[in-house]
Amino acid sequence: MQMLELVSEPDTINFGDLPEEIDALLQQGVAAYRRDHARADRLFRQALAAAPQELPTYFCLYKIHTYQGHLDEAKAVAELGLDEAARQAGWPADWRRWVPHDPLPDGAGRFALYTLKALAFIHLRKNDSDGAAEMLAALRQLDPTGAVGWPVVAALAEGLGAQ
């Protein structure tokens, strides 16, 4: 009987077109998160310090802090990511002043909308239903088809009586 050697390569996440060293830090952070949340946070922050213009790093940080229930930290990082994405998209810093685009933007614009959705979710988790409702109302106008997934958060808000 022939023995088969199974080579297991860790799953990698496609973060898009990133500098190799930043992608490596994010991949290491994702792998570390399974065992060591603090190490994952350090790796993601190292990537952020090295390249604050790379939007996926903000996503990694606000996602892990949301998962851990560190909602103030998640909110702070998401707000920084939102600011950076808006800057890159050429949009006003205040999301209340954003205007709809047809078609829905890609790149930094899409990231900004996705992060606004994430912030609405974080506000819900922080029991700030008014803040979440304001963001969801903006997303209804900015992304009427729900492409960035805000209807899921809106349904959650509705189920919680937040809308």
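Residues numbered from 1 in each chain as written. Predicted model: local features only at pLDDT ≥ 70, side-chain atom pairs only at ≥ 80, totals over all residues. Heavy atoms only, no water.

- As annotated in an unreviewed UniProt entry, the protein chain is Tetratricopeptide repeat protein from Bradyrhizobium ontarionense.

**Some words on the nonpolar core**
Point 1. Residues Leu26, Phe44, Trp98, Leu116 and Leu136 are the most contacted members of the largest nonpolar core, which totals 50 residues.
Point 2. Counting residues per element, the ones that place at least two in this core are α1 (20–33), α2 (37–50), α3 (55–68), α4 (71–89), α5 (107–125), α6 (129–142) and α7 (150–159).
Point 3. Of the residues forming this core, the biggest block, 10 residues, is contributed by α5.
Point 4. Contact partners of Trp98, with chain neighbours within four places excluded, come to Leu82, Ala86, Trp91, Pro92, Ala112, Leu113, Leu116 and Leu142. (Core = buried A, V, L, I, M, F, W, Y, C linked by side-chain atoms within 4.5 Å. Buried < 20%, exposed > 50% of the residue type's maximum accessible area, 1.4 Å probe, protein only. Helix = DSSP H or I, 4+ residues; strand = E, 2+ residues; numbered from the N terminus. Contact = heavy atoms within 4.5 Å.)

**What to know about the environment of Phe15**
Point 1. Its location among the elements puts Phe15 in the segment before α1.
Point 2. Since its relative accessible area comes to 14%, Phe15 is described here as buried.
Point 3. Sequence separation between Phe15 and Ile122 is 107 residues, and the spatial gap between their C-alpha atoms is 22 Å.
Point 4. Sequence-distant contacts of Phe15, that is, excluding residues within four places in its chain, are made with Asp23, Leu26, Gln27, Val30, Pro56 and Cys60.

**Some thoughts on the environment of Ala89**
Point 1. Among the secondary structure elements, Ala89 is positioned in helix α4.
Point 2. Put simply, Ala89 and Gly107 are 18 residues apart on the chain and 8.0 Å apart in space, counted from C-alpha to C-alpha.
Point 3. Other than its neighbours up to four places away in sequence, Ala89 contacts Ala108 and Gly109.

**Focus on the packing of α1 against α2**
Point 1. Between α1 and α2, the least distance of the axes is 7 Å, while the angle of their chain directions is 165 degrees. Taken as axis vectors, α1 and α2 run roughly antiparallel relative to one another. In this structure, α1 crosses over α2, and the sense of that crossing is left-handed. For the pair α1 and α2, contact is made by Ile22, Leu25, Leu26, Gln28, Gly29, Val30, Ala32 and Tyr33 and by His37, Arg39, Ala40, Leu43, Phe44, Gln46, Ala47 and Ala50, respectively.
Point 2. Looking at the contact of α1 with α2 residue by residue, the classes come out as 11 nonpolar, four polar and one charged. (Axes fitted to C-alpha atoms, helices over the stretch in contact; angles between N-to-C directions. Parallel < 35°, antiparallel > 145°, perpendicular 65-115°, else oblique. Left-handed = near helix turned anticlockwise from the far one by under 90°. Nonpolar A, V, L, I, M, F, W, Y, C, P; charged D, E, K, R; others polar.)

**Thoughts on the side chain of Gln27**
Point 1. Position of Gln27 relative to the elements: it lies in helix α1.
Point 2. Aside from chain neighbours lying at most four places away, what touches Gln27 is Thr12, Ile13 and Phe15.

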